[in-house]
2 protein chains.
Amino acid sequence: MSPKEGTKPPGQNLFGGEATGPPQPFFHSRWVQAPEHVRDLGPDVGLPGGFRAWGVTCGIKPSGNPDLGLLVNEAPEPVSAARFTATGMPAAPVLVSQERCRLQSLRAVLANSGCANAATGQRGLDDAAKTQGATAVAVGCDPSEVALASTGGISHHLPVEKMLQGILAVRPGLDSSGDGAFQHAIQTTDASEKRANLEVELPSGTVRLSAQCKGAGMISPNFATMLCFVETDAALQAHTADLLFGVCVKRSFDRASVDGQLSTNDTAILMCSGASGVEIAPESEDELRFGEALDALLRQLAIMMVADGEGAERIARVIVRGGHEPSAEAVARAVANSPLVKTALNGADPNWGRIVQAVGAALPGTAPLSADLTIEGIPVCIAGAATGYDEDALAAAVKAMEIEYEIGLPGEGAETEVFFSDLGHEYVRINAEYTT
Amino acid sequence: MSPKEGTKPPGQNLFGGEATGPPQPFFHSRWVQAPEHVRDLGPDVGLPGGFRAWGVTCGIKPSGNPDLGLLVNEAPEPVSAARFTATGMPAAPVLVSQERCRLQSLRAVLANSGCANAATGQRGLDDAAKTQGATAVAVGCDPSEVALASTGGISHHLPVEKMLQGILAVRPGLDSSGDGAFQHAIQTTDASEKRANLEVELPSGTVRLSAQCKGAGMISPNFATMLCFVETDAALQAHTADLLFGVCVKRSFDRASVDGQLSTNDTAILMCSGASGVEIAPESEDELRFGEALDALLRQLAIMMVADGEGAERIARVIVRGGHEPSAEAVARAVANSPLVKTALNGADPNWGRIVQAVGAALPGTAPLSADLTIEGIPVCIAGAATGYDEDALAAAVKAMEIEYEIGLPGEGAETEVFFSDLGHEYVRINAEYTT
């Protein structure tokens, strides 16, 4: 069972939500600019050419909400790229997808919510393989062309019989406008829909990019715990798809943290149909522009996941400059995952001593560290010492819904960022008050 | 100002508390056994021979609660040992104590609450030096014999004039029964008193051990964020004191975590007067027995800090066995600091998938990891897969106030433990709802 599915009140999140009037534009964070050659087509235009998807309720979730989704690339020669969780304890669908799939030429993805099929041992692998085989038969392809993705509670076994029925039920629904139904089938505690349909103008022609994404809890950098499926009708070679997708994942989901927790089930897949006839040649202007669009898409989705973090009321970006790469990374993550920083963010508390604490803790043995801290453009600490900043201005600045912390470390060199959410009562309510 | 001083309702903690009837015995955790040769003398017997202490209100805290404490070792040749925070951004009192003190022969400790004197730059160092000098004059010793310890909010400057007045006021109060007053002067969000007076039977005679300790938030391993002062009338050589204290700190405060946060101000000091005339010779039976007593004392204090963790309702011990040392350490800390594990602990939720998540996240690149998990003696996961355990028995077991998780990693070798508290609404209330 997905333990927490349905426990989060809708419309509580920062951005959008189903009950809050007309949807806002997809690109709405101050931290992501839509490139000029990218246009948001809104939620209703359907998938790029060559793709069909659908979602159904097959009974994994006791709530009766949709829990099984199928996504198919009908191109003659599908191209794909994939990234998975870095955890030492990956779920069965991750292991099966990594070890038994041709990840560069996937034909289909079967995704379910309501059960992670994690910590399920050999039976979990067997169960996953059965659903992979059934999907291959339903779609008419080889099992190695079917990737699997699951999300939900850890330690429960998949209800395989229900899923096999579900695969039969979802197959006839496949539709080029089925991305919304597919999206709903992969959601768990998400309070808002994370879905996009973009049009990208390239020198060689116009292509489409769509994405469906879920993720609200057990979200951590390296990379963020989530499922994300991206489709394009551009024609990419497998190597180009892998390269672009890898770079963009590193700059987006890798930089997001809700609670510093790394899921057993993270999966992100890019699928390319080539139906537009526009080829993205390596090292071409097309590749550059397409990469910019993919980058903006994934960064906005990552920020939406953080903003929809379980119980999130405020979000922040921490930027660390200077020092060397591992130090900058350690500092950024220490700040993003500090419960003291996150509760201060929740309470709009200007108590920046907690940020200094996290910086120092991330770099033991470096004392005294000459670090700088600027909050919303106000320098509060220079070379390790408090400045004479305007306390009222700072108190007003930290009341914003998106807060930016800039940390300077001694020396030139590294620069990194992490997007993160706050820690408030709602996170505790969702995660403590539920009992399996 | 100590931002959170006084915000925690008393009597809410797991152990003791001022308003909950007669104090319980000092040794009360199932995870610490008092050695047979150690006797708890209760709170009212005063300090070991050679020590005097006192605490006053000097006006650092707006609440008017005690905020300045002085501890003096009157032995002809005082012996001491000290440990400090590992942070890269230590507070001024830590830097001054580390760089300007004879840490092996301290005569006095000046401790204040209500202000950490951290992130205060050169002025902070100058302020600390002034209070060190004034204490040396008041006590009649060299400034290098006066250690400083501060706790409270980061980024504020010490009110030096008030403290100088306070040093004059606290001096005449110095008393062999002043440990309670000294304890009160160093508390911030602590809801319970962490203080002990022990008698230790050694082959060569009977000695005393006393301790006063504070710590509730910004508590993390390596080592726990706290102040702890330990006094004994045993006679130890400086080398022996340092060795024993170092080992015992590693087995106690180093293994405690409330919120995974490393303070700028951690300070632990052992002071030896030798007034009992009992010498603890290196590698003697006396040293062994004294070490056992010191170990039990510090472990019980560490567990009391965790139990008094901000908002703590339940506490846990995670033991990791197998693998090599860095892996075991990473796993233990990942579990202890996981907000998902901590909220589950708070809610008495048997959802152990979150523990598996933390284990896997701590050891990226090891998939598939064959880890075992036992909760309160019930094996729930063997070789990475759920067992057919009794769900009702598990649900009942996790309702206890102290929960034990045992994790097995592949291979022989390492063994480590971390004591940690849960994450509940009270932690969020204390840390989010207050605004500086």
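Every chain's residues receive numbers from 1 upward, in the order its sequence appears when written. In the order they appear in the text, chains get letters beginning with A and ligands get numbers beginning with 1. In keeping with the predicted nature of the model, local features appear solely for residues at pLDDT of at least 70, side-chain atom pairs appear and are counted solely at 80 or more, and the whole-chain, interface and lining totals rest on all residues.

### Comments concerning the overall build of chain A
Defined as follows: Helix and strand labels come from DSSP, where a helix needs a run of H or I of at least four residues and a strand needs a run of E of at least two; each type is numbered from the N terminus. In this scheme the burial state of a residue depends on its C-beta neighbours within 10 Å: 20 or more other such atoms mean buried, 12 or fewer mean exposed, and anything in between means partly exposed; the C-beta positions come from the backbone. C-beta atoms are first placed from the backbone for all residues, and any pair lying within 7 Å is then listed as a contact.
Counting secondary structure elements, chain A contains eleven helices and 19 strands. For the C-alpha atoms alone, the extent of chain A along its principal axes is close to 70 × 55 × 45 Å. Counting only residues that meet the buried cut, chain A has 62% of its 436 residues in that class. When contacts within chain A are restricted to residue pairs at least 6 apart in sequence, those whose partners lie at least 24 apart make up 80%.

### Concerning the domain arrangement of chain A
All names here are of chain A. To be explicit about the condition: Each domain span listed reflects an automatic or database assignment of domains.
For chain A, the domain assignment lists domain 1 (38-305) and domain 2 (315-432). Of the residues lining the interface, nine residues belong to domain 1; the matching set on domain 2 comes to nine residues. Of all the secondary-structure elements, those providing two or more residues to the side of domain 1 that touches domain 2 are β11 (256-257) and α6 (285-307).

### Structural notes on the interface of chain A and chain B
Formally: In this count, Pro and Cys sit with the nonpolar residues alongside Ala, Val, Leu, Ile, Met, Phe, Trp and Tyr, while Asp, Glu, Lys and Arg are called charged and the others, Gly among them, polar.
Taken together, the contact between chain A and chain B spans 62 residues of the former and 62 residues of the latter. Residue assignment for the side of chain A that touches chain B shows that the elements contributing at least two residues are α8 (339-346), α9 (353-362), β17 (385-386) and α11 (425-432) of chain A. With six residues, the top contributor of residues to the side of chain A that touches chain B is α9(A). Broken down by class, the residue content of the side of chain A that touches chain B amounts to 33 nonpolar, 26 polar and three charged.

### Considering the packing of α8(A) against helix α11 (residues 425-432) of chain B
Formally: Note on method: axes are straight lines fitted to C-alpha atoms, helices fitted across the in-contact stretch only, with angles between N-to-C directions ranging 0 to 180 degrees. Any angle from 65 to 115 degrees is called roughly perpendicular, while one under 35 is roughly parallel, one over 145 is roughly antiparallel, and all others are oblique. For any pair of crossing helices, the crossing counts as left-handed if the nearer helix is rotated counterclockwise from the farther one by less than a right angle, and right-handed if it is rotated clockwise.
Close contact between α8(A) and α11(B) brings their axes to 8 Å; oriented N to C, the two are set at 70°. Overall, the two elements α8(A) and α11(B) adopt an arrangement that is roughly perpendicular. The two elements α8(A) and α11(B) meet at a crossing, and its hand is right-handed. Together, Leu340(A), Thr343(A), Ala344(A) and Asn346(A) of α8(A) and Val428(B), Asn431(B) and Ala432(B) of α11(B) make up the contact between the two elements.

### Some points on the sheet that holds strand β1 (residues 38-40) of chain B
Residues and elements named next belong to chain B. This is how the line gets drawn: Pairing between strands is defined by DSSP: at least two bridges between the two strands are required.
Here six strands make up an open sheet; going across it, the order is β1-β7-β8-β9-β12-β4 and the pairing mixed. A strand with exactly one partner marks an edge of an open sheet, and here the two such strands are β1 and β4 (79-84). Taking the axes of each pair of neighbouring strands and ignoring which way they run, one obtains an average angle of 15° across the sheet. Both β1 and strand β7 (residues 194-202) contribute to a ladder of three bridges, which runs antiparallel. Directly across from Val38, in β7, lies its bridge partner Val200.

### Here we look at the sheet that holds strand β8 (residues 205-214) of chain A
All names here are of chain A. Taken in spatial order, the six strands of this open sheet run β1-β7-β8-β9-β12-β4, and their pairing is mixed. Only two strands of the sheet have a single partner each, and these edge strands are β1 (38-40) and β4 (79-84). On average, adjacent strands in this sheet sit at an angle of 15° to one another, irrespective of strand direction. Strands in contact with helix α5 (residues 238-250) are β4 and β12 (267-272); relative to β4, the strand with the most contacts, it is inclined by about 35°.

### Comments concerning the packing of helix α7 (residues 325-336) of chain A against α9(A)
The description of two packed helices rests on the angle between their axes and on the distance between the axes. Residue and element names in this part refer to chain A. At a minimum axis separation of 8 Å, α7 and α9 run at an interaxial angle of 140°. Considered as vectors, α7 and α9 are oriented oblique to each other. Considering how the two elements wind past one another, α7 and α9 form a crossing that is right-handed. Between α7 and α9, the contacting residues are Ala330, Val331, Ala334 and Val335 on the first element and Ile355, Ala358, Val359, Ala361 and Ala362 on the second. Class assignment of the residues belonging to the contact of α7 with α9 gives a composition of nine nonpolar, no polar and no charged.

### Details of the pairing of strand β6 (residues 146-151) of chain B
Residue and element names in this part refer to chain B. Heads up, the condition is: Crossover handedness is defined here as right-handed if the route from the first strand over the helix to the second strand goes clockwise, with the strands pointing away from the viewer.
Counting buried positions along β6 gives six out of six residues, so the element sits mostly inside the fold. Burial along β6 is two-sided: Val146, Leu148 and Ser150 and Ala147, Ala149 and Thr151, pointing in opposite directions, are all buried. Summarising the sheet, strand β5 (residues 108-113) and β6 pair through six bridges and their orientation is parallel. Within β6, the position partnered with Val109 by the bridge is Ala147. After leaving β5, the chain enters helix α2 (residues 121-139) and then returns to the sheet as β6, a path that is right-handed.

### Quick notes on the pairing of strand β9 (residues 227-232) of chain B
Residue and element names in this part refer to chain B. Of all the six residues making up β9, six are buried; the element is thus mostly covered by neighbouring parts of the structure. The alternating pattern of β9 places Leu227, Phe229 and Glu231 and Cys228, Val230 and Thr232 on opposite faces, both of which are buried. Judged from the six bridges that link them, strand β8 (residues 205-214) and β9 form a sheet pairing that is antiparallel. By the bridge assignment for β9, Lys214 is matched with Leu227. The pairing of β9 with strand β12 (residues 267-272) spans six bridges and is classified as parallel. Of the residues in β12, the one forming a bridge with Cys228 is Ala268.

### So, the relation of the copies chain A and chain B
Where we set the bar: When the copies are overlaid, the least-squares fit takes in C-alpha atoms only where the residue has pLDDT of at least 70 in both copies.
With an RMSD of 0.0 Å, the operation that places chain A on chain B is a rotation of 180° combined with a shift of 0.0 Å along the axis. Classification of the inter-copy transformation places it as that of a two-fold axis. Judged by C-alpha distance, His425(A) is the residue of chain A that lies nearest the rotation axis, at 2.9 Å. By residue overlap, the copies meet face to face through one surface: 100% of the interface positions of chain A are interface positions in chain B.

### What to know about the nonpolar core
To keep things clear, this is the line we draw: Under the definition applied here, buried Ala, Val, Leu, Ile, Met, Phe, Trp, Tyr and Cys residues are grouped into a nonpolar core through C-beta atoms within 7 Å.
The biggest cluster of nonpolar side chains holds 271 residues, and the ones touching the most others in it are Val359(A) and Val359(B). With sequence-adjacent residues up to four places away left out, Val359(B) is seen in contact with Met89(A), Val331(B), Ala334(B), Val335(B), Ala371(B) and Ile407(B). Val428(A), Leu423(B), Val428(B) and Ile430(B) belong to the second-largest nonpolar core, a separate cluster that totals ten residues.

### Some thoughts on unusual backbone geometry
Residues and elements named next belong to chain A. At the junction of Ala367 and Pro368, the peptide bond is cis and its omega measures out at -10° in the coordinates. Position of Pro368 among the secondary structure elements: in the loop between α9 and β15 (372-375). A positive phi angle, close to 50°, is found at Ala348, a residue other than glycine. Relative to the helices and strands, Ala348 is located in the loop between α8 and α9.

### A word on the environment of Phe245(A)
Residues and elements named next belong to chain A. Mapped onto the secondary structure, Phe245 falls in helix α5. Residues Phe245 and Arg83 lie 162 residues apart in sequence; the distance between their C-alpha atoms is 8.4 Å. Residue contacts for Phe245: discarding those within four places in its chain leaves Ala81, Arg83 and Leu270.

### As for the confidence of the model for chain A
Residues and elements named next belong to chain A. Note the cut-off: You can read pLDDT as the predictor saying how much it trusts each residue, on a scale of 0 to 100.
Within chain A, residue pLDDT values average 87, and 92% of them lie at 70 or more. Considering only residues more than four positions removed or in separate chains, one finds that residues 1-20, a stretch of pLDDT under 50, has 65 contacts. Both confidence scores are given for the complex: pTM 0.82, ipTM 0.77.

### Concerning the environment of Glu231(A)
Residue and element names in this part refer to chain A. Counting through the fold element by element, Glu231 comes out in strand β9 (residues 227-232). Glu231 sits 40 residues away from Met271 along the chain, and the two C-alpha atoms are 4.9 Å apart. For Glu231, the contacting residues outside a window of four places in its chain are Leu47, Pro48, Phe51, Ser210 and Met271.

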